[in-house]
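Observations on chain architecture
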Amino acid sequence: MENTNKTVRTRFAPSPTGFMHVGNLRTALYAFLLAKSQGGTFVLRIEDTDQARFVEGATEVIYNTLARAGLVHDEGPDKGGEYGPYIQSERRDLYLPYAEELVKKGAAYYCFCDKQEGETQEAGTDPHETCPGHCRDLDPAEAAAKAASGVPFVIRQKIDRTGKSAYDDAVFGHIEIDNDVLDDQILIKQDKMPTYNFANVVDDHLMNITHVVRGAEYLPSTPKYNMLYRAFGWEIPQYVHLPLIMGRDAEGNVAKLSKRHGSVSFENLMQEGYLAEAVINYIALLGWSPKNDREIFTLEELISIFKVDGLNKAPAIFDYDKLMWMNTEYLKAMTPEAFAAASFPFAGVAGTPLEARWAGFAPMLQQRVNKLDEIPEKIAFLHALPEYEIEIFNNKKSKCNPEVAKEILLELRPEFENLADWTAPAISAVLSGCAERRTCKLGLPMWAVRIAVSGQMVTPGGPGEIMEILGKEEAMKRYDVALQKLN
RNA sequence: GUCCCUAUCGUCUAGAGGCCUAGGACACCGGGUUUUCAUCCCGGCAACACGGGUUCGAAUCCCGUUGGGGAUGCCA
């Protein structure tokens, strides 16, 4: 099934739930890459046929996510296009006639059974028992009359109970299923709205979709879709089923990524301070390989190298460690200006003295942050001196201990007190002078002074930068607190 | 239950019959550089699920077993 002259058209068809699951985002990514790598068109269609699940503002979340991720669609509710409308609820009246056409063709039938209560099919259930009233065998004319008279109904697909169905998937290859295990799925619900399964087929056809990119969970039900296409006499699209993304629950069990299992939404990731580019890069490699050793790619680069045969078949587990590593790589690669801008909203320094000097301070954080939400804790000591024990003055490498620290702090106090040029270089010069006089490693005075002014062993920047930011008054106040503790 | 898919280091993967003593990355563990931490170097640990075939030769092909996942909704 080569798509020789036909332009590739793929679509992303999310349901507006109010958040973007990374599994869905990845589906969008691959649909986008497949289209763009071949100069094709990427369509956004909103699948909101389930009225009970309406969520206010949910479509905005979808637009925002795609925009932020750089997956720009060519057609969609917000962009228009010649195949609109792109929101299924706005297409509601279009589906029933198609279903009725199927009924006329004998490929579907009216079903008047009561709404089934159960959730999923329980173990041991016969797929043909979904309609206990055997509506499938009703006389078509009688059934049509009954439906027309106002009796509530659904329309079910009439599936052959003999033979096999086969199709070829672009990643999983040849799939063959016995028709007998397929159920007469509902096409039109009692509220006259189409089910996802039906709306999908109709819309994909009407929107001229050439490649259906979706999760591997649809592998077994695809024959049902194909029967629909055939009944209509429509061309069946090329299927590109994607390996599932798995997550772990609290017990470590692996299952399809979900709230229980490793829950991740794009919004969550953004809030934690992951970069959208890093997330995209990471999920691109979850189930797909460029078949070489390179791992860092821009979206543009992904477009140019994306190939369907790099897609994997086995499910992949979402690994936060690797995502974080990749995020760190992206953070480090940013320009200092870009990093300052990206980190500012996370820093919590608005309204503090640090706000004005953020551009200068942020770069000190850049090489030591994995995700942006780590910043507040890393700079908390600047806002308030943390409680600390004098034991932390001990450091083997710089040969520091509380006694020596006290000696040095005492020795340097007047110098700092008299220092007019309160800048990092000038402060550092005081420390260097001290090391020279004592013929000791620079690390010694730095250790002592760092702890005195920060209250901790690890800080972004050295004592010079910290003292400059703190300002002379605050720095000296902390300095004296340390001296007091050491007495 | 039934059906479908799947199987290389803990994780993501390369490998499409000899190039494999199985490569890369994350994580982990060492060592070095460094004013702390980190960065950065360097090194290490670690896998072809199992059993049958096919073949001169199999991680690669076939069959089975086992493991894992998915489907079985008037959800998408």
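Our subject in this report is the structure included herewith. Remember, it's a predicted structure, so these values are computed and weren't measured experimentally.

Counting secondary structure elements, chain A contains 19 helices and twelve strands. Its C-alpha radius of gyration of 32 Å places chain A more than 25% over the 23 Å reference for a compact globule of 487 residues. For chain A, the spread of C-alpha atoms along the principal axes amounts to about 105 × 45 × 40 Å. Across the 487 residues in chain A, those meeting the buried criterion constitute 49%. Taking all contacts inside chain A whose residues are at least 6 apart in sequence as the whole, residues at least 24 apart take part in 73%. Of the roughly 23400 Å² of accessible surface on chain A, a fraction of 51% belongs to carbon and sulfur atoms. Positive and negative side-chain charges of chain A, numbering 52 and 69 respectively, have mean locations separated by a distance of 3 Å.

This part takes up the environment of K378. On the secondary structure map, K378 appears in helix α14 (residues 375-383). Sequence separation between K378 and T459 is 81 residues; the distance between their C-alpha atoms is 7.3 Å. Setting aside anything within four residues of it in sequence, one finds K378 in contact with R368, V369, Q456 and P460.

Looking now at the nonpolar core. By size, the foremost hydrophobic cluster in this structure holds 144 residues, and its most contacted members are L71, I155, F198, F318, W358, I379 and F416. Top contributing element to this core by residue count: helix α1 (residues 22-36), with ten residues. When residues no more than four places from it in sequence are discounted, the contact partners of I155 are L96, A99, V103, A108, Y109, Y110, Q185, I186, L187 and I188. Within the second largest apolar cluster, six residues are counted, among which are Y109, C113, C131 and V154.

A separate point is the side chain of R45. Mapped onto the fold, R45 is located in the loop between β2 (41-44) and α2 (58-69). Side-chain polar atoms of R45 contact the side chain of E47, separated by 2.8 Å. Apart from residues no more than four positions distant in its own chain, R45 is found in contact with R11, F12, A13, P14, Y86, Q88, N200, D203, D204 and M207.

Let's shift gears to the side chain of D249. Within the fold, D249 resides in the loop between β10 (245-248) and β11 (254-256). Of the side chains with opposite charge, R260 comes closest to the buried, unpaired D249, at an N-O distance of 5.3 Å. Among the polar contacts made by the side chain of D249, one reaches the main-chain amide nitrogen of N253 at a distance of 2.8 Å. Those residues within four positions of D249 in sequence are excluded, and the remaining contacts are R260 and H261.

Moving on to the environment of P16. Tracing the backbone shows P16 in the loop between β1 (9-12) and α1. Given the relative accessible area of 12%, P16 is considered buried. Along the backbone, P16 and A58 are 42 residues apart, and their C-alpha atoms lie at a distance of 5.0 Å. Other than its neighbours up to four places away in sequence, P16 contacts I46, E47, D48, R53, V55, A58, T59 and I62.

What follows covers helix α17 (residues 443-454). The terminal C-alpha atoms of α17 lie 16 Å apart, and with twelve residues this matches the ideal 16 Å at 1.5 Å per residue to within 8%. Most of α17 sits out of view: ten of its twelve residues are buried. Buried residues of α17: L444, P445, W447, A448, V449, R450, I451, A452, V453 and S454, and no others. The elements touched by buried residues of α17 are α14, α15 (402-418), α16 (424-438), α18 (463-470) and α19 (472-486). A positive backbone phi angle near 75° is found at G455, which sits one or two residues after α17.

Next up on the list: the packing of aromatic side chains. Per the stated rule, a full pass over the model turns up 18 aromatic pairs. Residues F32 and F42 carry aromatic rings whose centres are separated by 5.5 Å and whose planes lie at 80° to one another, so their mutual orientation is edge-to-face. With a gap of ten residues between them, F32 in helix α1 and F42 in strand β2 connect regions that are remote in the sequence. Here F32 matches F42 in class, with each residue buried. Summarising the aromatic geometry, the rings of F318 and Y320 are spaced 5.1 Å apart at their centres and angled 70° between planes, so their arrangement reads as edge-to-face. Y320 sits in the partly exposed class, given a relative accessible area of 27%. Taken together, the ring pairs connect Y98, F198, F232 and W234 into an aromatic cluster. It is R214 that lies over the ring of Y225; its NZ or CZ is 4.4 Å from the centre. In this arrangement the basic side chain of K485 is found over the ring face of Y388, its NZ or CZ atom lying 4.6 Å from the centre.

Look at helix α3 (residues 92-104) against helix α6 (residues 222-232): their axes get within 10 Å of each other, and the N-to-C directions meet at 80°. What the angle tells us is that α3 and α6 run roughly perpendicular. Contacts from Y98, E101 and L102 in α3 reach L228, A231 and F232 in α6. Class assignment of the residues belonging to the contact of α3 with α6 gives a composition of five nonpolar, no polar and one charged.

Turning our attention to the sheet that holds strand β3 (residues 108-111). Read from one edge of the open sheet, three strands run β3-β4-β7, paired in antiparallel fashion. Strand pairing shows two members of the sheet lacking a second neighbour, β3 and β7 (186-188), which therefore form its edges. Averaged over all pairs of adjacent strands, the angle between strand axes in this sheet comes to 40°, irrespective of strand direction. Alignment of β3 against strand β4 (residues 154-157), held across four bridges, turns out to be antiparallel. When the sheet's bridge partners are listed, Y109 is paired in β4 with R156.

Cut-offs used in this document
- Residues numbered from 1 in each chain as written.
- Chains lettered and ligands numbered in written order.
- Predicted model: local features only at pLDDT ≥ 70, side-chain atom pairs only at ≥ 80, totals over all residues.
- Heavy atoms only, no water.
- Helix = DSSP H or I, 4+ residues; strand = E, 2+ residues; numbered from the N terminus.
- Rg over C-alpha atoms; globule rule 2.2 N^0.38 Å.
- Buried < 20%, exposed > 50% of the residue type's maximum accessible area, 1.4 Å probe, protein only.
- Contact = heavy atoms within 4.5 Å.
- Areas by Shrake-Rupley, 256 points an atom, 1.4 Å probe, with all protein chains shown as cover.
- Lys, Arg positive; Asp, Glu negative; His and termini not counted.
- Charge placed at Lys NZ, Arg CZ, Asp CG, Glu CD.
- Core = buried A, V, L, I, M, F, W, Y, C linked by side-chain atoms within 4.5 Å.
- Polar contact = N/O pair within 3.5 Å; in protein donor to acceptor, adjacent residues only side chain to side chain.
- Salt bridge = Lys/Arg side-chain N within 4 Å of Asp/Glu carboxyl O.
- Expected span 1.5 Å × (residues − 1).
- Phe/Tyr/Trp six-rings, centres within 6.5 Å; stacked < 30°, edge-to-face > 60°.
- Lys NZ or Arg CZ within 6 Å of the ring centre and 35° of its normal.
- Axes fitted to C-alpha atoms, helices over the stretch in contact; angles between N-to-C directions.
- Parallel < 35°, antiparallel > 145°, perpendicular 65-115°, else oblique.
- Nonpolar A, V, L, I, M, F, W, Y, C, P; charged D, E, K, R; others polar.
- Pairing = 2+ DSSP bridges.

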